[in-house]
Amino acid sequence: MTTRFPPTRDAALDRLARFVPRAGRDYAARRNFDLGPGQHLHVSCLSPWLRHRALTEEEVLRAVLARHTPVQAEKFIQEVFWRTYWKGWMEQRPDSWVQYRAGLNRARDRIATEDGLRARWASACQGTTGIDAFDAWARELVQTGYLHNHARMWFASIWIFTLRLPWELGADFFLRHLLDGDPASNTLGWRWVAGLQTRGKHYLARADNIVTYTGGRFHPRGLVAEAAPLEGPPPPSPAPLPSATRLPSGRVGLLLTEEDLSPGWLIEAGIRPVTMAALLSHARRSPLAVSAGVTEFTRALAADALARICDDGPIHETPEAIADWAAEHDLAVVATAHAPTGPAAEALATLEAALADRAIALTRHPRPYDLRAWPHATRGFFRFRQHIPDLLAAIGAGKATANATGAPAP
Ligand SMILES: Cc1cc2nc3c(=O)[nH]c(=O)nc-3n(C[C@H](O)[C@H](O)[C@H](O)COP(=O)(O)OP(=O)(O)OC[C@H]3O[C@@H](n4cnc5c(N)ncnc54)[C@H](O)[C@@H]3O)c2cc1C
């Protein structure tokens, strides 16, 4: 799996450089074609690195706009901002993550007691439903850790409306196997397909659409032609967003999480760490075991990030181990990039309490990019996207950049 997605920032930069020429008209015209494993040539396949910020949205946007005009690259730019938008939307409604986890627990209770449901769930995950396209995508996901966006939409739709399985079990299946598995993009992507996010508007997969956009690879039979959107409670009320935090001084340790593996910006901002470590929470994505591919990719990407900055540094998977590391190094403060809603933020909350017991502070620092964009993620994407020109101007995207990728310090 790691051969397709080598777990290094250099591999991400190389992928970006190769994709940039195709980010304009080619992407706009062909991005919806899912031509199969190894043939995802009309999309970037950058999501495993972007999700962990081993490569950042800013770097990608700058590189693309150094080569194309905003009009030529409009579609691609919008897709990158979908990620920003989902992160900002969930950050203001962390209860949407809590509700998803509660729904997942209820669905797991059902599969423990309902034999028929358990058999249909297992068949969907194993790719033995008899629906050719769906079964192939289930296998592609498990084998490669990636699915094309159109395949994710079709797959989620068939899961919900044809197989009539609880959407939370499908979201969990994705999170356990996607190298880019992300609490916001995944949960809200599934909610969007189900009709829970844009209420009353759902996404129904059509067989003829699948035939066309898979280049005739599949001819799925038995898909429902009509179904009502799912119903659920209204979205939770908005919660306040994080704000900029003062930089700490004294003996500071820099902590990486899988939400931000490019900590160079914190050092450029003035943090002077005496030591570094990483706290990984990928195992908390699901109450079930996450795939070996996800574990290996996330660990190796974190090791790569530490090696770039400080040669070495421990990687732990429990907040208690990080609290011990902080005490061993006699730290006054552990500083980390703000982790948006999800398992990493939950682990940081546990860590904060463990550090407090040792009289060590935890400071969380949101990126300026997020601070500018997230306040606009209050309603639908179409309102959010009106702010894209200003958000691009704020990062200087579109102006000539010095190198092919526009990459600043990692
Ligand atoms: C049901 C469902 C579940 C999803 N789960 C995830 C997930 O767990 N993690 C994840 O990163 N994306 C998720 N997506 C969004 C999208 O499918 C992937 O980001 C995209 O397929 C990644 O492939 P790429 O890098 O080749 O994308 P490209 O088309 O090359 O797009 C460039 C980048 O833009 C971002 N992006 C593109 N489309 C979207 C989108 N619709 N929503 C959010 N960001 C987007 C990604 O960071 C992507 O790498 C999900 C979509 C659906 C419908």
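On a predicted model such as this, the values are computed, not experimentally measured, just so you know.

To continue, consider the sheet that holds strand β4 (residues 333-337). Reading across the sheet, the five strands line up as β3-β2-β1-β4-β5 and stay open at both edges, with parallel pairing between neighbours. With one partner strand each, in any of the chains shown, β3 (315-316) and β5 (361-365) form the two edges of the open sheet. Relative to β3, strand β2 (residues 275-279) runs parallel, the two being bridged by two bridges. Counted as the bridge partner of Ala278 is Ile315 from β3. Strands in contact with helix α14 (residues 292-310) are β1 (252-257), β2 and β3; relative to β2, the strand with the most contacts, it is inclined by about 170 degrees. Contacting β1, β2, β4 and β5, helix α16 (residues 343-357) crosses the sheet at an angle of about 150 degrees to β5.

What follows deals with the domain arrangement of the protein chain. Accessible area lost on assembly of the parts is the figure often given for the size of an interface. Under the domain assignment, the protein chain is made up of domain 1 (9-92 + 373-394), domain 2 (115-213) and domain 3 (252-365). Look at where the C-alpha atoms of domain 2 and domain 3 centre, and you get two points 31 Å apart. A combined buried area of about 870 Å² lies between domain 2 and domain 3, and 58% of that area is made up of carbon and sulfur atoms. Among the residues domain 2 hides against domain 3, the three largest losses belong to Arg176, Leu179 and Pro183. Together they make up 58% of the total. The interface formed by domain 2 and domain 3 holds five residue pairs in polar contact (both at pLDDT 80 or more) in total.

Even without being a glycine, Asp330 presents a positive backbone phi close to 55 degrees. Structurally, Asp330 is set in the loop between α15 (319-328) and β4. Even without a glycine there, the phi angle at Ala359 is positive, about 60 degrees. Accessibility expressed as a relative area gives 67% for Ala359, which makes it exposed.

Scoring rules and cut-offs
Residues numbered from 1 in each chain as written. Predicted model: local features only at pLDDT ≥ 70, side-chain atom pairs only at ≥ 80, totals over all residues. Heavy atoms only, no water. Pairing = 2+ DSSP bridges. Helix = DSSP H or I, 4+ residues; strand = E, 2+ residues; numbered from the N terminus. Contact = heavy atoms within 4.5 Å. Axes fitted to C-alpha atoms, helices over the stretch in contact; angles between N-to-C directions. Domains from an automatic or database assignment. Buried area = accessible area lost by both parts, 1.4 Å probe. Polar contact = N/O pair within 3.5 Å; in protein donor to acceptor, adjacent residues only side chain to side chain. Buried < 20%, exposed > 50% of the residue type's maximum accessible area, 1.4 Å probe, protein only.

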